[in-house]
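Structure at a glance
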Amino acid sequence: MWSVRTKKGLEALGHKVTVSTKPEAGSHDLAIVNLGARSFDPIAAVKSLKADELRVIGHVGHKEQDKWNEGEEAGCDQVVSNGSLANRLAAVLAGLPVKCPSGTEDDE
């Protein structure tokens, strides 16, 4: 349910979205990981995605502090509550650090 709602929200914001439990390296610039997932190891997924230099947003229930902390320790660029992801998606995305391509500088 969360993946469908998140996918529709991202598409409404103009993003191309792929829902996957095993994203391919180099095919995306952002991953959103359910830190409460049981069908795969979300912490291993975050570490793998960060090793591929992707920006990662982790989401989890607001009362699941242990999973929240694990996501931060694994390298998530942001960890947000499920409600924040569902209801404030544009603001969550706006809070991500800007990633410049290698070898370029920000003109600001």
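Refer to the preceding data block for the structure.
Summarised in this report is the structure supplied together with it. One numbering rule holds for all chains: residues counted from 1, following each sequence as written. Local features are withheld for residues below a pLDDT of 70 in this predicted model, meaning they are given only at 70 or higher, and side-chain atom pairs are given and counted only at 80 or more; totals for whole chains, interfaces and linings count all residues. Note that the side-chain values use all heavy atoms of the structure and ignore hydrogens as well as water.

The term salt bridge refers to a pairing of a side-chain nitrogen on Lys or Arg with a carboxyl oxygen on Asp or Glu at a separation within 4 Å. Within the structure shown, the criterion is met by two salt bridges. Lys 7 is the partner of Glu 11 in a salt bridge, and the nearest nitrogen-oxygen pair spans 3.3 Å. You can see Glu 11 and its partner Lys 7 sitting in helix α1 (residues 2-12), four residues apart, about one turn around the helix. Partly exposed residues are those whose accessible area sits between 20% and 50% of the maximum for their type, while under 20% is buried and over 50% is exposed, using a 1.4 Å probe and protein chains only. Residue classification places Glu 11 among the partly exposed residues on the basis of a relative accessible area of 38%. A salt bridge links Lys 50 to Asp 77, with the nearest nitrogen and oxygen atoms 2.9 Å apart. We count a stretch as a helix when DSSP gives it H or I for four or more residues in a row; a strand needs E for two or more, and each element gets its number in order from the N terminus.

The subject of this paragraph is helix α3 (residues 65-74). Among all positions in α3, only Trp 68, Gly 71 and Ala 74 are buried. All buried residues of α3 project into a common sector of 130 degrees when viewed along the axis, lining one side. Looking at the packing, one finds that the buried side of α3 touches α2 (42-51), β2 (55-60) and β3 (78-81). Positive phi shows up at Gly 75, right after α3, with a value of about 115 degrees. This arc corresponds to the set of directions leading from the helix axis out to the C-beta atoms. Contact criterion: two residues are considered in contact whenever any of their non-hydrogen atoms come within 4.5 Å of each other.

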